[in-house]
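What follows is the residue order along each chain.
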Amino acid sequence: MGSVTNGNAVTETDVVVVGAGFSGLYVVHSLAKLGFNVRAFEKAPDVGGTWYWNRYPGARCDSESLTYCYTFDEQLFKDWVWSERYPSGPEVLKYLRHVADRFNLRRYFQFETAIQSAVYDEAVRRWTITASTGEVLSARFFVTAVGNLSVPATPTVPGIDTFQGQWLHTGRWPLEPIDFTGKRVAVIGTGSSGVQVIQEIAKTADHLTVFQRTPTFTIPLRNLPLDPDVQRLWKSNYRELTKKSRYSDGGLPFFVSEKPLKGVSAEEQKEGLERAWGIGGFRFLFGTFCDIGSDHEANKVAADFVRGKIADIVKDPATRETLTPTAYPLGAKRIPLDTAYFQVYNQDNVSLVNLQVDPISKMTPKGLVAGTTEHEFDLVIFATGFEAITGPLLQMDIVGRGGQKLNDTWADGPYAYMGVGVPGFPNLLTLGGPGGVGVISNVPPTAEQAVEFAAECIAYLRDHQIDEIEATTEATDLWNEHVRAMAQKTMYPYAPSSWYNGSNLGKKPRPFPAYTGGFGKYRRICDAVAAEGYTSFKTHRQGDKEVTGEDNYKAHDPEWYIRVASVPSNAELASWEGRSAMWT
Ligand code: N01
C-alpha cells in the first residue's frame, strides 16, 4: 500500500525487517505466515548474512552441522543432507539459499539495499524508514536481524593507502578465489577467523607472517565426513534432540557434565580432558567438568592441559612461548576450534611476530613496519574482527522518542532489555541484541527463539489492539543488574581484550553484554514474560490517549528472573510440539 506525505511517496507496511541471515529469513517467514505485510532489506546481493561475506579460505562453522540449522520445520531438517561433521562456509550458504527457495522468501527482500535511517514518529506510533534507494517506508514495527558480527573492524594503520600490494579483511572476502602460491602474505589477528585462514594460507603461501596481539587457546575441531548412520539416527530422533537443544545451556543437545573437576583425582581429571580433546569441539568445555567455566582453580587445570598440548606441538621454544596464553583463563575469550593451527608454526614458510613486543606503527608501499622491522608483503589480511554487537545497529541512524539517537544513547555501550527492546525506542525489536544470549549460544536455535518471541509478541499486540510497546528503564536496569551478577560467576569478565565487551577496538571494557544463565533458562524467562502479556513492557492501546500499559506494568526484580528460570518446565516441554507446529 502506498500513501503520499509532503510530496514523497511513502510505502506503508506492518513490519520492516533488516537482514537476510538465520534470523532475518525466519522472521520474515514467521511474520508473513501470521498475516503481516513485511518488507525486508539486505545489503548483500543475496541471502546468507555472515556466510555471504565471510568467504575466506578455511571458513567453517564451529557448531556441528546437525545443530547448525533450523529446527522449526521437521521436513526441512530431515531433507537437508550435511556432508561433514562441521559445515564449511559454502555449505551453510547453500543451505540458507535452499531455505530461501523452499519457503519462497526472496520475494519479501530487497537486496543490495541498506537501511539508512529509522525515525520513530510518536504522533502516529510508527517508524519512518529510509532505504539507500531513497524509498521511504512507514511501518508499525522495525525488526533488526543484523547479526552481532557483521561490521568488520579494520584498524586505522597510517600509510594503508600507500601499500602497493593487496589488503583484505576476512569479513569482506571477495567472491573470486585468491591464489596464495608464490606470495608473501601477512595475517593480522589470531581469533577464530585468523586461526582458520592461517591454517589454509600456510599450505600454499611462499611465506606467511602472523601478527599476534594476544595468544589464543584453541581446541581441536576434529572435522570428518559425516557418517550417514549418525545423520540418519539424529534425524530419526529429531523431536527429542530439538527439545534438548531448545532447553539446553548453549543451544546444543549434547551431554553436559555435572561432575566438578575439583571433585576427582588428578588422573581422572587428565583422563576426562584427554577424552574430550580426542572428541573435539566445545564439548571440551562443558562435557568434561562443570566447574571449568566458573571456578578459577578448575579452569587453571584445564588451561594447563591446553598449554601442555601447545608445548607438545610447537618445536621452537621462543615461538612456543609467544603462542602460549598465560594472562587470562580458558574460555574468557571465545575459543577458536582448529585443525592444525599450532602445527603451522613448525613450517619453514611461517613466522610469528609478537605485537606486544613489536607493535605495528605503519604500512608502507612494500608492507608494514612492526617494531623496527619493515616486513614486505604481496597481500595483507586483516583478521581483526568486528565492531561487534552494537556496530550493525549503530550503522543505521535510528532515532527514537523525543529525537534521541541510538548512537548517543549507546555511546558508552549498549543499554537494552532482554536482547530485544531498547527504552526510548518503541516498536523496535532487536533480534539477538544486547542482553540476550545471541553472542554466546549456538546461533540457529537462538535465532529461532528470538524470532518466535518477537513474532508472537507482534501478533499478540495486533490481537489486543495495542499499537505501541516499549522497554522501560526500570525493567532494563533490573534485567542488566541480573545479567551482570550472572556474568560475574563466569570467566568472561577476565578477558584482557574481547569483542564481547568492545575492548577489542581499544575501547574501555563494557559490562559483559549477554545473559550467561543459559539459553534454556533465558527461553523460560522470555516465555514467562510472554505468558503474562508482556507486562514488563509499557504498552499503548489504540485509541487511548496515554500509555496504558503502566496500569499493569511489572518490573521484574532479579529474584523473579531466577525463580522463573529455575522452575522445572515439564509443561513447557510438553507444549513444545504444538508450539513448533505453529511455525511450520
Ligand atoms: O575476531 P576476533 P574473529 N592490531 O575479535 C586481533 C565468530 N566466528 O573474526 O585478541 C592487532 O575474535 C585480536 O587481538 P586481541 C566467533 O564468535 C566464528 O576472529 O583482541 N591485532 C584478535 O586476535 C568469533 O569469536 C567462526 O588482542 C588486532 C583478532 O584480531 C567471532 O566471530 C569463525 C587488532 C580478532 O579476533 C570473531 O572472530 C570466525 C589490532 N588493531 C568467526 N585488532 C566459526 O564458527 C584486533 N586484533 C568458525
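Placed above this text is the structure.
Parameters and conventions
Residues numbered from 1 in each chain as written. Predicted model: local features only at pLDDT ≥ 70, side-chain atom pairs only at ≥ 80, totals over all residues. Heavy atoms only, no water. Helix = DSSP H or I, 4+ residues; strand = E, 2+ residues; numbered from the N terminus. Rg over C-alpha atoms; globule rule 2.2 N^0.38 Å. Buried < 20%, exposed > 50% of the residue type's maximum accessible area, 1.4 Å probe, protein only. Salt bridge = Lys/Arg side-chain N within 4 Å of Asp/Glu carboxyl O. Phe/Tyr/Trp six-rings, centres within 6.5 Å; stacked < 30°, edge-to-face > 60°. Lys NZ or Arg CZ within 6 Å of the ring centre and 35° of its normal. Pairing = 2+ DSSP bridges. Axes fitted to C-alpha atoms, helices over the stretch in contact; angles between N-to-C directions. Contact = heavy atoms within 4.5 Å. Core = buried A, V, L, I, M, F, W, Y, C linked by side-chain atoms within 4.5 Å. Domains from an automatic or database assignment. Near = heavy atom within 4 Å. Polar contact = N/O pair within 3.5 Å; in protein donor to acceptor, adjacent residues only side chain to side chain. Areas by Shrake-Rupley, 256 points an atom, 1.4 Å probe, with all protein chains shown as cover. Nonpolar A, V, L, I, M, F, W, Y, C, P; charged D, E, K, R; others polar.

This paragraph deals with the overall build of the protein. Assigned secondary structure in the protein consists of 18 helices and 21 strands. Its C-alpha atoms give the protein a radius of gyration of 24 Å, within 12% of the compact-globule value 25 Å for 584 residues. If one aligns the C-alpha atoms of the protein with their principal axes, the spans along those axes are about 75 × 60 × 45 Å. Per-residue burial for the protein yields a buried fraction of 57% across its 584 residues.

Moving on: the pattern of salt bridges. Inspection of the entire model under this criterion finds 32 salt bridges. A salt bridge links E452 to R246; its shortest N-O distance comes to 3.2 Å. Of the two residues, E452 sits in helix 14 (residues 443-463) while R246 sits in helix 7 (residues 238-246), which places them 206 residues apart along the sequence. Residue E452 is classed as buried on the basis of its relative accessible area, which comes to 1%. Notably, a salt bridge pairs K262 with D295, separated by 3.0 Å at the nearest N-O pair. Of this pair, K262 sits in the loop between helix 7 and helix 8 (266-279) while D295 sits in the loop between helix 9 (283-286) and helix 10 (296-313), placing them 33 residues apart in sequence.

We now examine the packing of aromatic side chains. Two descriptors summarise a pair of aromatic rings, namely the distance from one centre to the other and the angle between the planes of the rings. Under the counting rule described, the total for this entry stands at 38 aromatic pairs. Measuring from ring centre to ring centre gives 5.7 Å for F109 and F111, while their planes differ by 20 degrees; the resulting arrangement is stacked. Each member of the pair F109 and F111 is classed as buried. Residues Y341 and F342 carry aromatic rings whose centres are separated by 4.9 Å and whose planes lie at 65 degrees to one another, so their mutual orientation is edge-to-face. Note on Y341: relative accessible area 0%, which makes it buried. In this structure an aromatic cluster arises from ring pairing among F22, Y26, W51, Y68, Y70, F72, W80, W82, Y95 and F103. The residue whose ring lies beneath R283 is F254, and the NZ or CZ to ring-centre distance is 3.8 Å. Over the face of the ring belonging to F36 we find R462, whose NZ or CZ atom lies 4.3 Å from the ring centre.

Taken together, five strands build an open sheet; the order of strands is 8-17-9-10-13 and the sheet is parallel. Only two strands of the sheet have a single neighbouring strand rather than two, namely strand 8 (166-169) and strand 13 (350-354). Put simply, the sheet's adjacent strands are angled 20 degrees from each other on average, direction ignored. One ladder, built from five bridges, connects strand 10 (residues 207-212) with strand 13; its direction is parallel. Residue Q212 lies in a different strand from strand 13, and its bridge partner there is N354.

Looking at where S497 falls in the secondary structure, it is placed in the loop between helix 15 (473-487) and helix 16 (519-531). Put simply, S497 and Y328 are 169 residues apart on the chain and 9.8 Å apart in space, counted from C-alpha to C-alpha. Excluding residues that lie within four positions of it along the chain, S497 makes contacts with R213, T214, K333, S503 and N504.

Within the largest apolar cluster, 83 residues are counted, with the highest numbers of intra-cluster contacts made by Y70 and Y95. Per-domain counts for this core show at least three residues from each of domain 1 (2-151 + 388-580) and domain 2 (219-335). Among all residues touching Y70, those that are not within four sequence positions of it are G21, F22, L25, Y26, L76, F77, Y95, L96, V99, P444 and E448. Listed in part, the 27 residues of the second largest apolar core include Y56, V195, I198 and V210.

Bringing the site of the ligand into the picture now. The local shell around the ligand holds 25 residues, among which R60, S193, T214, K333 and S497 are the closest. Contact between the ligand and S193: an oxygen atom at 2.6 Å from a side-chain N or O atom of the residue. One nitrogen or oxygen atom from the side chain of R213 is found 2.8 Å from an oxygen atom belonging to the ligand. Protein contacts shield 87% of the accessible area of the ligand, which totals 910 Å² for the unbound molecule. Examining the composition of the shell around the ligand, we find that three residues originate from one element, helix 5 (residues 192-204), more than from any other. Of the residues in the shell around the ligand, the class split is nine nonpolar, eleven polar and five charged.

Just distances and angles here, no functional claims.
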